[in-house]
Amino acid sequence: MSPVPTPAASADQASDQSIVHVVGGGLAGSEAAWQVAEAGVRVVLHEMRPVRGTAAHQTDGLAELVCSNSFRSDDWAYNAVGLLHAEMRRCGSLIMAAADAHQVPAGGALAVDREGFSQAVTQRLEQHPLIEIRREEVAGLPPAQWGSVILATGPLTSPALSDAVLQLSGEGQLSFFDAIAPIVHADTIDMSVAWRQSRYDKEGPGGDAAAYINCPMDKAQYEAFVDALLTGPKAEFKEWENVPYFDGCLPIEVMAERGRETLRHGPMKPVGLTNPHNPTVKAHAIVQLRQDNALGTLFNMVGFQTKLKHGAQAEVFRTIPGLHNAEFARLGGLHRNTFINSPRLLDAQLRLKADPRLRFAGQVTGVEGYVESAAVGLLAGRFAAAERKGHALTAPPPTAALGALIAHITGGRLEGDTVEAGKFQPMNINYGLLPPMETPKAGPDGQRIPMKERGRAKKRLMSERALRDLDAWLAGPARAAAE
Ligand SMILES: Cc1cc2nc3c(=O)[nH]c(=O)nc-3n(C[C@H](O)[C@H](O)[C@H](O)COP(=O)(O)OP(=O)(O)OC[C@H]3O[C@@H](n4cnc5c(N)ncnc54)[C@H](O)[C@@H]3O)c2cc1C
């Protein structure tokens with residue numbers, strides 16, 4: 001089969017104004033195609049497997065799960081990904097329906113029989129009267145006559161297409177070792193030990209001279225930390241992940257291997273900072289955390305990209321003074337990834353500003369995970385279908401998990417982030433992306449909530465607010481766009 005672009009069939013050219021083309025039949029593309037078709041709009045879904053494979057997919061099934069078979073927690077009340085499940089079910093998600101139908105026992109998690117799940121998604125899409133599936137690679141920018149396109153080609157986007165997108169977006173880099181530093185929930189940092197200050201009190205563009213959170217270490221703590229980095233278990237690289245490190249983005253354990261003092265002269269240098277809790281004592285090393293989202297609820301550990309295994313990371317990083325009780329919104333990691341600098345390149349409708357007929361969905365937009373990828377596919381599908389019907393559908397409110405995810409990738413980041421700088425990084429859904437709420441001290445019955453249960457009670461309130469606000473969006477703007 002020859003790759004596209006080839007001139008699309010002449011029937012398509014005549015009727016293309018009523019079609020949405022979805023490129024990539026993974027988690028996001030499958031969900032997007034379903035949402036478009038369910039809205040009554042024709043879809044052509046282009047999936048390159050089995051004509052061309054990827055380094056991770058094993059089958060030609062749509063929505064293949066390339067690694068784990070888990071959709072993570074299914075607890076809508078106390079877990080952000082469980083909340084996202086609940087919201088997607090309310091939006092008629094195909095991915096969630098297939099996952100629910102092919103569950104395997106996994107405690108509080110939603111895990112699936114991967115073959116049954118993928119077959120179910122493939123069959124539902126094949127049988128839909130408004131969906132045509134073409135097994136072909138889109139090997140460059142989609143032809144100009146495709147008036148509405150959703151690009152959902154994932155972290156392993158074929159090189160011909162990623163090169164074309166790269167040129168169109170004007171970004172210098174798209175595919176690389178994705179070096180991820182851990183992200184911490186700000187309200188779990190012990191500010192009786194840590195303090196806010198920018199190095200040399202340098203003011204940022206907004207006039208803020210205290211943008212960073214600093215955690216001090218004495219010599220013994222630093223030496224023990226370096227030892228833990230050197231001896232901690234590291235994740236193995238797979239053969240296909242043969243992409244070089246970014247300069248200036250080395251994992252911390254690789255820096256530590258280069259010399260025991262390297263970190264003290266790099267991301268942990270103790271200069272230009274004074275500890276207000278102990279002003280006369282100079283710290284031997286300092287770990288800095290930088291605000292990660294516009295809400296200020298998440299902070300990333302600056303320069304702490306790592307390939308330590310997840311369990312070891314939590315253990316080693318909690319030895320850092322001020323982070324003893326840290327809760328991580330995301331742990332660090334390194335793997336090959338392809339994603340665009342969405343906050344800069346996409347509008348709130350997931351359209352490429354440089355060419356608005358192109359929408360992006362899935363992992364390539366800078367979300368992380370099966371569920372999050374499918375969730376962005378769901379929204380891209382709804383936006384594209386509404387547009388084809390002559391409506392403008394606004395995104396769900398940011399208080400809902402779906403809305404928070406899209407706010408994060410299309411606008412929630414801090415100014416000045418670039419993919420090259422390694423700052424805009426894929427993100428799982430978590431409560432830190434939702435606008436914060438007051439921590440409740442008493443329940444609805446007026447009963448005092450014990451201190452240690454208040455964080456959990458707050459999550460429940462945020463989940464209830466999310467579902468309430470999503471329902472209002474479904475009954476209002478989403479219903480109007482479906483007319
Ligand atoms: C190795 C690896 C392991 C992962 N493990 C997990 C995990 O365990 N749990 C988790 O939650 N997330 C995991 N992820 C992250 C992510 O959630 C998944 O990659 C997820 O599948 C992303 O969904 P997607 O729809 O964006 O991309 P995909 O599911 O990869 O779908 C993209 C589709 O586009 C097709 N395609 C690519 N280029 C073209 C083209 N030019 N023309 C036509 N079709 C094309 C591909 O064949 C593929 O079917 C992993 C990622 C990788 C790379």
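Not measured: the values here are computed from a predicted model. (Residues numbered from 1 in each chain as written. Predicted model: local features only at pLDDT ≥ 70, side-chain atom pairs only at ≥ 80, totals over all residues. Heavy atoms only, no water.)

Enquirer: Whenever I open this one, the sheet that holds strand 7 (residues 149-151) confuses me. Can you help?
Expert: Pairing between the strands of a sheet comes from backbone hydrogen bonds, and it takes one of two forms, parallel or antiparallel. A sheet is described by the order of its strands in space; here six strands give the open sequence 6-2-1-7-17-16, paired in mixed fashion. Only two strands of the sheet have a single partner each, and these edge strands are strand 6 (131-135) and strand 16 (351-352). Relative to strand 17 (residues 355-360), strand 7 runs parallel, the two sharing three bridges. When the bridges of strand 17 are listed, leucine 151 appears paired with phenylalanine 360. Along the sheet face, helix 12 (residues 370-388) touches strand 1 (19-23), strand 7, strand 16 and strand 17 and points at about 145° away from the line of strand 17. (Pairing = 2+ DSSP bridges. Helix = DSSP H or I, 4+ residues; strand = E, 2+ residues; numbered from the N terminus. Contact = heavy atoms within 4.5 Å. Axes fitted to C-alpha atoms, helices over the stretch in contact; angles between N-to-C directions.)

Enquirer: How do you make sense of the sheet that holds strand 4 (residues 103-104) when you look at a structure like this?
Expert: Here three strands make up an open sheet; going across it, the order is 3-5-4 and the pairing antiparallel. Each of the sheet's edge strands pairs with one partner strand only, and the pair in question is strand 3 (70-73) and strand 4. Set on the sheet, helix 3 (residues 80-90) makes contact with strand 3 and strand 5 (109-112); between it and strand 3 the angle comes to about 115°.

Enquirer: Quick question: what am I supposed to make of the packing of aromatic side chains here?
Expert: Pairs of aromatic rings are described using the distance from one ring centre to the other and the angle between the two planes. Per the counting criterion, the structure on display carries five aromatic pairs. Put simply, the rings of Phe71, Phe117 and Tyr370 touch in pairs and so form one group of aromatic residues. Here the basic side chain of arginine 456 rests over the ring of tyrosine 78, its NZ or CZ set 3.7 Å away from the ring centre. (Phe/Tyr/Trp six-rings, centres within 6.5 Å; stacked < 30°, edge-to-face > 60°. Lys NZ or Arg CZ within 6 Å of the ring centre and 35° of its normal.)

Enquirer: Please explain helix 2 (residues 27-38) as it appears in this structure.
Expert: Residues spaced three or four apart along an α-helix face the same direction, because each turn holds 3.6 residues. End to end, helix 2 covers 17 Å across 12 residues, agreeing with the expected 16 Å (1.5 Å per residue, within 8%). Across the 12 residues that make up helix 2, a large majority, 11, are buried. What helix 2 keeps buried is the set Leu27, Ala28, Gly29, Ser30, Glu31, Ala32, Ala33, Trp34, Gln35, Val36 and Ala37. One or two steps after helix 2, the chain reaches glycine 40, where phi turns positive at roughly 90°. (Expected span 1.5 Å × (residues − 1). Buried < 20%, exposed > 50% of the residue type's maximum accessible area, 1.4 Å probe, protein only.)

Enquirer: Can you help me understand the site of the ligand in this one?
Expert: With respect to spatial proximity, 31 residues lie near the ligand, and among them Ala28, Glu47, Arg49, Gln363 and Gly369 are the closest. Methionine 48 is positioned such that a nitrogen or oxygen atom in its backbone is 3.2 Å from a nitrogen atom of the ligand. Serine 158 has a polar side-chain atom sitting 2.9 Å from a nitrogen atom of the ligand. Surface burial for the ligand is 93%, taken as the share of its 970 Å² of free accessible area covered by protein chains. Of all the elements in the fold, those that place two or more residues in the shell around the ligand are helix 2, strand 2 (42-47) and helix 12. (Near = heavy atom within 4 Å. Polar contact = N/O pair within 3.5 Å; in protein donor to acceptor, adjacent residues only side chain to side chain. Areas by Shrake-Rupley, 256 points an atom, 1.4 Å probe, with all protein chains shown as cover.)

Enquirer: Explanation requested: the nonpolar core in the structure shown.
Expert: Generally speaking, soluble globular proteins have nonpolar side chains that are buried together. In terms of nonpolar packing, the biggest core is built from 92 residues, with Phe71 and Phe117 touching the most fellow members. Ranked by the residues each element gives to this core, the list is headed by helix 12, at 12 residues. Setting aside anything within four residues of it in sequence, one finds phenylalanine 71 in contact with Leu27, Leu65, Val81, His85, Ile95, Met96, Ala99, Leu110, Val112, Phe117, Tyr370 and Val371. Core analysis: the next-biggest nonpolar cluster, separate from the first, contains 34 residues, Ala186, Ala256, Met268 and Val287 among them. (Core = buried A, V, L, I, M, F, W, Y, C linked by side-chain atoms within 4.5 Å.)

Enquirer: Explanation requested: empty space enclosed by the protein in the structure shown.
Expert: One water molecule sets the probe size; rolling that probe over the atoms shows where empty space is left. Using the criterion set out here, one finds one cavity of 30 Å³ or more in the structure. Of the pockets and cavities examined, the largest cavity occupies roughly 50 Å³. Looking at the lining of the largest cavity element by element, the count peaks at three residues for helix 6 (residues 159-169). Class assignment of the residues belonging to the lining of the largest cavity gives a composition of six nonpolar, four polar and no charged. (1 Å grid on protein atoms, 1.4 Å probe; cavity = no way out; pocket = protein on both sides within 12 Å on 5 of 7 lines; lining within 4 Å. Points joined across faces, edges and corners; volume = space filled by probe spheres on them. Nonpolar A, V, L, I, M, F, W, Y, C, P; charged D, E, K, R; others polar.)

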